[in-house]
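# Understanding the architecture of this molecule
Listed here are the chains, written in short residue letters.
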Amino acid sequence: MAEVISYRFLVRGGAVDAVAALNEVPLRRELVIETDTLKMKLGDGVKRYNDLPYFSGGSTIITVSAAPVAGQGQDGDYAIWPSSTAPMLYGPKAAGAWPAGVPLKGANGATGSVWLRGSTVPAGSQGANGDYYLRTTTNDVYAKSAGTWSVVSNLQGSPGAPGEKGDAGVPGPSSHCFPTASFSGGAGVIEVGAAQSLYVPFGFTVTGAALIADRVGTVQIDIRKTSFATYPPTSLNSICGGSPPTLSNVDKGIVSDLSLWDVDVAAGDTLQFICTACVGIKAATLTLTGFRS
């Protein structure tokens, strides 16, 4: 009875430049195929790839769409079946027969780790061993092993050193501002021509005015605007459009109709509040309402 010798081939491949650059030592009976030249070398477990000889003798590699049959190829040839699910290498053909094929695709590797996330501690039923879980409310990282989740890290570092205190900022555009001017005549009534002036370091828009007196009477306060460079203003610089805040035989009033007013005040402007009429009132306060622009 003839002795049967079984061989097991290992197969790897790549472009000639890639396998030559790696120049690894192929395992014994490991077949290396240059995918761009279709040349082959067989490892002996000792020599590096560049030192191994190519298969000689005019072997040819043929491409088949199923397992090769006796009528295909010549002795010494190899056949590749590039199946999308199980590509195979056959050869060499000997005595008119093809040997069993060698799979060119290995078995699927183990399933990799999966990242899960949630706001609570992971339940034992979630995930598989080797998976990770991020608890978003605490930044704790859990790893699952032997069916149990355990905290292995935290993505949030320790607090840093306090930073330096910054300069005080100015309120934003929605912040309300209240430029105010107060007048007093002492023991007598407010003097016509008495004035109060303000420098405005920020731009704002006037939305209303409120005038309050110490008693019932008549008083009128004009509001004049000019830049700091052209201060003081004149009556031509009034923002009131001929309708300044006025009390007539009352002790308080609010101006809400500003349709004739110049309501926009720029940063760096000055405002002058000047009494243009007064009867019977000894003290009064005018307040502008508005918002920063």
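Above this text is the structure in question.
In what follows, the accompanying structure is described. Everything numeric here is computed off the predicted structure, so don't read it as measured data. (Residues numbered from 1 in each chain as written. Predicted model: local features only at pLDDT ≥ 70, side-chain atom pairs only at ≥ 80, totals over all residues. Heavy atoms only, no water.)

### Some points on the overall build of the protein
When helices and strands are tallied, the protein shows one helix and 19 strands. Here the protein has a C-alpha radius of gyration of 47 Å; the compact-globule value for 293 residues is 19 Å, and the former is much larger. Buried positions account for 30% of the 293 residues belonging to the protein. Contacts in the protein between residues far apart in sequence, at least 24 positions, make up 49% of those at least 6 positions apart. Summed over all atoms, the accessible surface of the protein reaches about 17600 Å², with 55% contributed by carbon and sulfur. For the protein, the distance from the average site of its 20 positive side-chain charges to the average site of its 22 negative ones is 8 Å. (Helix = DSSP H or I, 4+ residues; strand = E, 2+ residues; numbered from the N terminus. Rg over C-alpha atoms; globule rule 2.2 N^0.38 Å. Buried < 20%, exposed > 50% of the residue type's maximum accessible area, 1.4 Å probe, protein only. Contact = heavy atoms within 4.5 Å. Areas by Shrake-Rupley, 256 points an atom, 1.4 Å probe, with all protein chains shown as cover. Lys, Arg positive; Asp, Glu negative; His and termini not counted. Charge placed at Lys NZ, Arg CZ, Asp CG, Glu CD.)

### Structural notes on the sheet that holds strand E6 (residues 88-90)
Taken together, four strands build an open sheet; the order of strands is E4-E5-E6-E7 and the sheet is mixed. Each edge of the open sheet is held by one strand with a lone partner, namely strand E4 (61-63) and strand E7 (102-103). Here E6 pairs with E7 via two bridges, running antiparallel. Paired with Met88 across the two strands is Pro103, which belongs to E7. (Pairing = 2+ DSSP bridges.)

### Re the packing of aromatic side chains
Taken as a whole and assessed by the stated rule, the structure comprises five aromatic pairs. Considering the side-chain rings of Trp115 and Tyr132, the 5.2 Å spacing of their centres and the 20° angle between planes classify their relative orientation as stacked. Of this pair, Trp115 sits in strand E8 (residues 115-118) while Tyr132 sits in strand E9 (residues 132-135); the two residues are 17 residues apart in sequence, bridging distant segments of the chain. Judged by relative accessible area, Trp115 falls into the exposed class, the value being 53%. Tyr132 gets classed as partly exposed once you look at its relative accessible area, which sits at 32%. Considering the side-chain rings of Tyr199 and Phe228, the 5.4 Å spacing of their centres and the 85° angle between planes classify their relative orientation as edge-to-face. A residue pair is termed long-range when its members are at least 10 positions apart, and Tyr199 in strand E14 (residues 195-199) and Phe228 in the loop between strand E15 (204-227) and strand E16 (246-255) qualify at 29 residues. Relative accessible area serves as the criterion here: at 58%, Phe228 is assigned to the exposed category. Above the face of the Tyr49 ring, Lys41 is positioned so that its terminal group lies 4.2 Å from the ring centre. The aromatic ring of Phe202 is capped on one face by Arg292, whose charged end is 3.6 Å from the ring centroid. (Phe/Tyr/Trp six-rings, centres within 6.5 Å; stacked < 30°, edge-to-face > 60°. Lys NZ or Arg CZ within 6 Å of the ring centre and 35° of its normal.)

### Here we look at the pattern of salt bridges
Scanning all chains against the criterion turns up seven salt bridges. In this structure, Glu30 and Arg12 form a salt bridge, with 2.8 Å as the shortest nitrogen-oxygen distance. One end of the pair, Glu30, is in strand E2 (residues 30-34); the other, Arg12, is in strand E1 (residues 10-14), with 18 residues separating them in the sequence. Taking the relative accessible area as the measure of exposure, Glu30 reaches 6% and is therefore buried. Relative accessible area serves as the criterion here: at 30%, Arg12 is assigned to the partly exposed category. Of the charged contacts, one joins Asp222 and Arg224 as a salt bridge, the two residues approaching to 3.1 Å between their closest N and O atoms. When salt bridges that share partners are traced, they join Arg12, Glu24 and Glu30 into one network. (Salt bridge = Lys/Arg side-chain N within 4 Å of Asp/Glu carboxyl O.)

### Comments concerning the environment of Tyr54
Counting through the fold element by element, Tyr54 comes out in the loop between strand E3 (40-42) and E4. As for Tyr54 and Tyr90, which are separated by 36 residues in sequence, their C-alpha atoms are 17 Å apart. Aside from chain neighbours lying at most four places away, what touches Tyr54 is Val16, Glu34, Lys39, Met40, Lys41 and Tyr49.

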